[in-house]
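Chain by chain, the residues run as shown.
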Amino acid sequence: MKMEFSAFASLRLCGLILLAALTITAQNIPAPKDVLGFTPGDDRKLASWAQVVDYFQKLDKASDRVTFQEIGKTTMGAPFVYATISSPDSLKNLEKYKKINAQLADPRTFLSRAKYAERLIEDGKTIVLITCGIHSTEVGSYLSSMLIAYKLASSNDADVKKILDNTIILLVPSLNPDGVDIVKNWYDKTLGTPFEGTDPPELYHKYVGHDDNRDWYAFTQVETQLTVDKIHNVWHPQIVNDIHQQGSLGARLFLPPYMQPVEPNVPKQIVEGYTELGNYIAADLRKQGFQGITTDSTYDAWTPSRAYSHYHGGVRILSETASAKLATPITVKFEDLRPGLGFDPKTQSPTFGPVWKGGEWHLRDITNYMTAAAFSLLNHAANNREEWLSRFYHIGEEAVRPRKDGEQFGFVFNQFSLGGETLDQLILKPAGVEITETNDGALVRFDQPYGAFAKALAERQNYPNLKNERGEPIQPYDVTAHTLPLLLYGVDAKFVNAPYQIKKPTWGSSGADFGPCRKINIHIGIYRSFVPAIDEGWTRFILESAFEPNCLQAFSLGNRVITDDLKLVEKFDNLPDHVVQYDSRVPVLGNYGTIIFPDQSPNSIRNGYPKGSMPDEYTGGIDDNGVENLRNYVQAGGTLVFLNRSSDFAIEQFNLPIRDVTKGLERKEFYIPGSILRTELDLTSPIAKGMPKESIAWFESGPVFEVEGRAVTSDFGVRVIARYPSDPKQILLSGWALGAEKIAGKAALVEVKIGKGKIILFGFRPQYRGQALATYPLLFNALSN
């Protein structure tokens, strides 16, 4: 497609000129090109994690504006790092500014001193945390971190000096360093081939892939833990700039404000802050000539799983820039642009503009948008330092105020132990929430700095029934429920009003160990498609580590991964090395007692990547021979466990006498996008051993089962282990359920006996994001019985 020289093209040229000028005027500060051998944003060039760390180390040595430190190791053992960037004077007094911010975050430390807050605000700095690269295929983000750092370290422009004098910038080059190398290695391997720019055929985080940005209240992953414990909770940033990429065919850039709904425990000052700042950046970039910018669209602010800072006094500025094919440029035709939620990229509107007419889209365009947005944000943070600190203080002031009679005072919950750790140790205390032991149980008061964080996780969610002009439900950006007492152990927290008399306990610990631990002598296989499935990673995570080491030792014996052609992957992360042959004399496939199929669409399992879309060794799925091998394996005594959508694969391929009653239903009729539902269990089943009569199901795009009449006369033995209540009003516990009557009385968990073996179908994710501990026993029992 032929392009004329335009204002947009000149932006690209200006970016290159600026980089060249900075190199000339800052001879003593290494430019990224001096270390990497190329400038971040160059076509078809990606840096390794070792190169990124090396660059920041050299920048630290050369500049008195930068300090750089390692704060731990990633899941796969890489250094987890961040840079602190400010004026030389501020860097010499970091402890002073940490203390100021900690006091502003918790006004209980000085409420009796009338003018003390004003002095702290006058002396403090705006703390800005910039996080990059959590989603590793969004490569512009981690590359832009070096461009941002270089300009801050080398430029003597008045704007940069003001930023350095008025802010302290905490820059995380990547929240997922392991993924940097996973993506770069794949990109380099396919460079110059027809598969250049494709995503790697594995998760870009060892366990959770894209869900590494859904871990900001459960803290299951080491990278989340390090960021919260060593950065957020130490510095208490007023602003978090989380730099991402999005699809190629929509807006060039998204900025807040976010769409409705906003989670009700997010302080109003946070909403005001991200609205003001997002609109400012969008207006500023439009003045600079950037096109295709949308606000108040696409992304909501409902779930705390993506917004730790919203409950800790800081606004989250999510920026989402359009993608290329990793580092490979693309050409986008104007007619191929597609509408998004809340905007049309072909039409200027209050939420979108100016219109981008299409054309070439390079990695350099991505880094230009990212760096320009970051510096616009930093200018606002510097120019409005006192306003940001004042807003931050007033959020804390409102949080700690004494509760009036009749207001909610807090909630009480019964502690339980999980591997020697309790709920408060696992989730609440790491987030700065204070717990008081009482005779009624563990009390979380709301008159504390982060009481709203605990409240958001403790109460049931009532997601609004949002529909478009056609009467169709509007899809939330993520999920609609996050009620931890239900997820963790299937019960409610007890909310109490003021005045509440706190009675100190007269006994020791308030809880018991979570569930029975039983030694299990069995080998477990996990199916892994070359189309990466996040649930497969989560399944490996809970079986390898989870939260109860003593319980899971039994499950770590012989765990292996089985890929599309039923090859064995040793130790989960090596390449396939030999074919597992089915032996009819042994009631297992390759010596497995149980094989798990995690949540994945039947099409992905059956067909995988089509021929020609990836290298041949990564195409295809489980073919007829594979299905027949699995059938023989079950008939000889093996067990297959299917989770959520993969259950439909089993129903179709094994012709089970079961129907998915949600198939064919339109969204107007039935829609449950990530909610917690009530289930009723058959406690006579070994799979329900140790469970209460009523439990939960994490429901998200899952099947719901009805046993067909032919089951009575067939060779299959079908048993319903869990079903939804017959009263539709009793089904939803937390979130949003449209058309719950469609599944009333239907099955959620079914066991089907075939020959000497069995197939177990879960219509939900029992190990959802490492959070649904209430249903872990169902999964563990299914694996071992």
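Residues numbered from 1 in each chain as written. Predicted model: local features only at pLDDT ≥ 70, side-chain atom pairs only at ≥ 80, totals over all residues. Heavy atoms only, no water.

Some thoughts on the packing of aromatic side chains
The cut-off we apply is this: When the centres of two rings from Phe, Tyr and Trp lie within 6.5 Å, Trp using its six-membered ring, the rings pair. Their planes under 30 degrees apart give stacked, over 60 give edge-to-face, and anything left gives tilted. Secondary structure elements follow DSSP: runs of H or I no shorter than four residues count as helices, runs of E no shorter than two count as strands, and numbering proceeds from the N terminus. Think of it in three bands: residues with accessible area under 20% of the maximum for their type are buried, residues over 50% are exposed, and the middle band is partly exposed, with areas taken using a 1.4 Å probe on protein chains only. As a reminder, the over-ring test applies to NZ of lysine and CZ of arginine, requiring each to be within 6 Å of the ring centre and within 35 degrees of the ring normal.
Considering all chains together, one arrives at 38 aromatic pairs under this definition. On the basis of an interplanar angle of 55° and a centroid distance of 5.7 Å, the ring pair of Tyr776 and Phe780 is categorised as tilted. Here Tyr776 pairs with Phe780, and both are found in helix H22 (residues 776-784), just 4 residues apart, close to one helical turn. For the pair Tyr776 and Phe780, a shared accessibility class is recorded, and that class is buried. Over the ring of Phe334 we find Lys357; its NZ or CZ atom is 5.2 Å from the centre of that ring. Directly above the aromatic system of Trp388 lies the positively charged group of Arg391, at a separation of 4.7 Å from the ring centroid.

Concerning the nonpolar core
Cut-off, in case you're wondering: Think of a nonpolar core as a cluster: buried Ala, Val, Leu, Ile, Met, Phe, Trp, Tyr and Cys residues, connected wherever their side-chain atoms sit within 4.5 Å. Two residues qualify as a contact provided that any one of their heavy atoms is within 4.5 Å of a heavy atom in the partner residue.
Among the nonpolar cores identified, the biggest contains 192 residues, and Leu152 and Phe453 are the most heavily contacted of them. The residues touching Phe453, leaving out its near neighbours within four places in the chain, are Trp216, Tyr217, Phe219, Tyr308, Tyr311, His312, Ile427, Ala431 and Val433. The next biggest cluster of nonpolar side chains, apart from the first, holds 26 residues, and it includes Leu630, Leu656, Val720 and Leu761.

Notes on helix H15 (residues 451-458)
The element H15 is extensively covered by neighbouring structure, given that 7 of its 8 residues are classed as buried. Taken as a whole, H15 has its buried residues at Gly451, Phe453, Ala454, Lys455, Ala456, Leu457 and Ala458.

Looking at helix H10 (residues 222-235)
Definition in use: Expected span, for any helix, means 1.5 Å times one less than how many residues it has. Note that the bend at a residue is defined as the angle between axes fitted to the seven residues ending at it and the seven residues starting at it.
Along its 14 residues, H10 runs 19 Å from first to last C-alpha, staying within 8% of the 20 Å computed at 1.5 Å per residue. In the structure, H10 departs most strongly from a straight axis at Val228, where the bend amounts to approximately 35°. Of all the positions in H10, only Glu223, Thr224, Leu226, Thr227, Val228, Ile231, His232 and Trp235 are classed as buried. Phi turns positive, to about 50°, at His236, one or two residues after H10.

Here's the deal with the environment of Ala373
By the element assignment, Ala373 lies in helix H12 (residues 363-383). For Ala373, a relative accessible area of 5% gives the class buried. Ala373 sits 118 residues away from Leu255 along the chain, and the two C-alpha atoms are 9.1 Å apart. Ala373 has contacts with Ile281 and Leu285, leaving out every residue within four places of it along the chain.

Examining the packing of helix H7 (residues 140-154) against H12
Put simply, the rule reads: Here the axes come from fitting lines to C-alpha atoms, over the contacting stretch only for helices, and the angles between their N-to-C directions go from 0 to 180 degrees. In what follows, roughly perpendicular refers to angles from 65 to 115 degrees, roughly parallel to angles under 35, roughly antiparallel to angles over 145, and oblique to any angle outside these ranges. Helix crossings are classified by the rotation of the near helix relative to the far one: an anticlockwise turn of less than a right angle makes the crossing left-handed, while a clockwise turn makes it right-handed. For this classification, Asp, Glu, Lys and Arg are treated as charged, while Ala, Val, Leu, Ile, Met, Phe, Trp, Tyr, Cys and Pro are nonpolar and the rest, including Gly, are polar.
It is at 9 Å that the axes of H7 and H12 come closest, and there the two elements cross at 50°. Accordingly, the angle class assigned to the pair H7 and H12 is oblique. Our pair here, H7 against H12, has a crossing hand that is right-handed. Packed against H7, whose contacting residues are Gly140, Ser141, Leu143, Ser144, Leu147, Ile148, Lys151 and Leu152, the element H12 presents Leu363, Arg364, Ile366, Thr367, Met370, Thr371, Ala374, Phe375 and Leu378 at the interface. Looking at the contact of H7 with H12, its residues break down into 10 nonpolar, 5 polar and 2 charged.

Let's talk about the sheet that holds strand E6 (residues 253-255)
Let me state the cut-off plainly: A pair of strands counts as paired when DSSP detects no fewer than two bridges linking them.
With mixed pairing, the 9 strands of this open sheet are ordered in space as E1-E2-E4-E3-E5-E10-E6-E8-E12. Each of the sheet's edge strands pairs with one partner strand only, and the pair in question is strand E1 (66-73) and strand E12 (352-353). Pairing geometry for E6 and strand E8 (residues 293-295), over 3 bridges, is parallel. Bridge assignment links Leu253 to a residue of E8, and that residue is Ile293.

Some points on the confidence of the model for the chain
Predicted coordinates in areas of low pLDDT are best not read in detail. As a reminder, the rule being used: Here pLDDT means the predictor's own confidence in every residue, given as a number from 0 to 100.
Averaged over every residue, the pLDDT of the chain is 88; the share at 70 or more is 86%. Within the model, the stretch residues 21-25 combines pLDDT values under 50 with 6 contacts to residues more than four positions away or in other chains. Confidence drops under pLDDT 50 across residues 565-590; counting only partners more than four residues distant or on other chains, this segment forms 60 contacts.

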